[in-house]
Amino acid sequence: AQTVTQSQPEMSVQEAETVTLSCTYDTSESDYYLFWYKQPPSRQMILVIRQEAYKQQNATENRFSVNFQKAAKSFSLKISDSQLGDAAMYFCAYSVRETSGSRLTFGEGTQLTVNP
Amino acid sequence: EPEVTQTPSHQVTQMGQEVILRCVPISNHLYFYWYRQILGQKVEFLVSFYNNEISEKSEIFDDQFSVERPDGSNFTLKIRSTKLEDSAMYFCASSAVREAFFGQGTRLTVV
């Protein structure tokens, strides 16, 4: 069974600084997707960034980037120039790459606080 | 921008009552999902639905739960006889192939 682990229940960062959230996962599959979702206080789940396991290049989306280490099964999220609006719970998630859709397996989440 | 829409946003029900949670997925998506999140815990998969049938379900999705796509646009989750432990945020999601897009959730409170 696939598992996703986020070992940092809480993190904090100063506004405009950089923060890295950690995620590790366990799978026997070779082809899969990894995601970071953001959950603000409204509790809506918002996709932040996606990484395909077959791609060696790390995904980036504006101030958000990932460090994907396939051999180590590590998938960290870096937020640059942190803004107050980045404060939220961040979930790392995994899904197998299938043609028929696939369930997401989530980590426990990391609560990010951004200090002004 | 297309989005997944869930109704109601908050539902309070008596223990033992039936509830139906409604979702309108993104129109060109083919895969539909329900997830739940008990307060303070991680998001858990309940069920996936494709081509008008369940494609996968978790151990949480027992006989008390059912899903339906009654009219080609709505996707519903029914809980037949609610228990206190069913209190949670329920998220509907839909996907084309890769990433799933989530609705804003329905907060279910069982009293």
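Quick word on the overall build of chain A
So, point 1. Along its length, chain A carries 0 helices and 12 strands.
So, point 2. Taking 116 residues into account, the globule formula puts the C-alpha radius of gyration at 13 Å, and chain A, at 14 Å, falls close to it.
So, point 3. The C-alpha extent of chain A, read off along each of the three principal axes, is 45 × 30 × 25 Å.
So, point 4. In chain A, which comprises 116 residues, the proportion classed as buried is 48%.
So, point 5. Once local pairs closer than 6 in sequence are excluded, the contacts in chain A between residues at least 24 apart make up 56%.
So, point 6. Here chain A displays about 5,600 Å² of accessible surface, and carbon together with sulfur accounts for 43% of that area.
So, point 7. Across chain A, the centroid of the 10 positively charged side chains sits 5 Å from that of the 12 negatively charged ones.

A word on the interface of chain B and chain A
So, point 1. Taken together, the 21 residues of chain B in the interface contact 21 residues of chain A.
So, point 2. For the pair chain B and chain A, the summed buried surface comes to about 2,000 Å²; carbon and sulfur atoms form 52% of the total.
So, point 3. Sorting the residues of chain B by area buried against chain A places Lys 42, Arg 98 and Phe 102 of chain B first, and these three jointly supply 28% of that buried surface.
So, point 4. At the junction of chain B and chain A, the tally comes to 2 salt bridges.
So, point 5. Linking chain B to chain A there are 6 residue pairs in polar contact (both at pLDDT 80 or more).
So, point 6. Those elements that provide at least two residues to the side of chain B that touches chain A are β4 (31-37), β5 (43-50), β6 (53-57), β9 (88-95) and β10 (100-102) of chain B.
So, point 7. Residue contributions to the side of chain B that touches chain A peak at 4 residues, all from β4 of chain B.

Here we look at the pattern of salt bridges
So, point 1. Throughout the structure, instances matching the rule amount to 7 salt bridges over all chains.
So, point 2. For Glu 99 of chain B, the salt bridge is made with Arg 50 of chain A, and the minimal N-O distance between the two is 2.6 Å. Note that Glu 99 of chain B is positioned in the loop between β9 and β10 and Arg 50 of chain A in strand β6 (residues 46-52), a pairing that runs across two chains.
So, point 3. Accessibility expressed as a relative area gives 15% for Glu 99 of chain B, which makes it buried.

Some points on the sheet that holds strand β1 (residues 5-7) of chain B
Residue and element names in this part refer to chain B.
So, point 1. Ordered in space as β1-β3-β8-β7, the 4 strands form an open sheet in which the pairing is antiparallel. Strand pairing shows two members of the sheet lacking a second neighbour, β1 and β7 (65-68), which therefore form its edges. Direction aside, neighbouring strands of the sheet carry axes that sit 20 degrees apart on average.
So, point 2. The sheet contact formed by β1 and strand β3 (residues 19-24) spans 3 bridges and is antiparallel. Bridging from a neighbouring strand, Gln 6 pairs with Cys 23 of β3.

Details of the side chain of Gln 37 of chain B
So, point 1. Within the fold, Gln 37 of chain B resides in strand β4.
So, point 2. Classification of Gln 37 of chain B as buried rests on a relative accessible area of 4%.
So, point 3. Only 2.8 Å separates the side chain of Gln 37 of chain B from the side chain of Gln 39 of chain A, close enough to count as a polar contact.
So, point 4. Engagement of the side chain of Gln 37 of chain B in a polar contact is seen with the backbone oxygen of Gln 41 of chain B, the distance being 3.1 Å.
So, point 5. Ignoring any residue separated from it by four or fewer positions in sequence, one finds Gln 37 of chain B in contact with Gln 39, Arg 43 and Phe 91 of chain A together with Lys 42, Val 43, Ala 88, Met 89 and Phe 91 of chain B.

Section: the packing of aromatic side chains
Pairs of aromatic rings are described using the distance from one ring centre to the other and the angle between the two planes.
So, point 1. All told, the structure shown has 21 aromatic pairs over all chains when counted by the stated rule.
So, point 2. Note on Phe 35 of chain A and Tyr 37 of chain A: the rings are 6.1 Å apart at their centroids and 40 degrees apart in plane angle, and the pair reads as tilted. This pair shows no difference in class: Phe 35 of chain A is buried, exactly as Tyr 37 of chain A is.
So, point 3. Judged by centre distance (5.2 Å) and plane angle (80 degrees), the rings of Tyr 37 of chain A and Phe 102 of chain B are edge-to-face. With one member in each of two chains, Tyr 37 of chain A in strand β5 (residues 32-39) and Phe 102 of chain B in strand β10 form a pair that bridges those chains. Comparing Tyr 37 of chain A with Phe 102 of chain B shows no difference in burial state: the two are buried.

Rules behind the numbers
- Within every chain, residues take consecutive numbers counted from 1 along the sequence as written.
- Chains and ligands are labelled sequentially in the order written, the chains with letters from A and the ligands with numbers from 1.
- Only residues with pLDDT of at least 70 get local features here, since the model is predicted, and only at 80 or more are side-chain atom pairs given and counted; chain-wide, interface and lining totals rely on the full set of residues.
- Heavy atoms throughout the structure, all of them, feed into the side-chain values; hydrogens and water do not.
- Working definition: helices are DSSP H or I runs of at least four residues, strands are E runs of at least two. Numbering for both runs from the N terminus.
- Here the globule rule is a power law, 2.2 Å times the number of residues to the power 0.38, and the radius of gyration is based on C-alpha atoms.
- Here's how the labels work: a residue is buried when its accessible area is under 20% of the maximum for its type, exposed when over 50%, partly exposed in between, all with a 1.4 Å probe on protein chains only.
- Two residues form a contact once any of their heavy atoms are found within 4.5 Å.
- Accessible surface is estimated by sampling points in the Shrake-Rupley manner with a 1.4 Å probe; for residues, cover comes only from the protein chains shown.
- Positive: Lys, Arg. Negative: Asp, Glu. His and the chain ends are not part of the count.
- Taken as the charge centre is NZ of Lys, CZ of Arg, CG of Asp or CD of Glu, depending on the residue.
- Put simply, buried area is the surface a 1.4 Å probe can reach on two separate parts but cannot reach once they are joined, added for both.
- Should a side-chain nitrogen of Lys or Arg be within 4 Å of a carboxyl oxygen of Asp or Glu, the pair is scored as a salt bridge.
- Counted as a polar contact is a pair of N or O atoms within 3.5 Å, where, for protein atoms, one must be capable of donating a hydrogen and the other of accepting one, and residues adjacent in sequence contribute only when both atoms are in side chains.
- We treat two strands as partners when DSSP finds at least two bridges between them.
- Note on geometry: axes are C-alpha line fits, over the in-contact stretch for helices, and angles between N-to-C directions span 0 to 180 degrees.
- Pairing of aromatic side chains here covers Phe, Tyr and the six-membered ring of Trp, requires ring centres within 6.5 Å, and sorts the geometry by plane angle: under 30 degrees stacked, over 60 edge-to-face, intermediate tilted.

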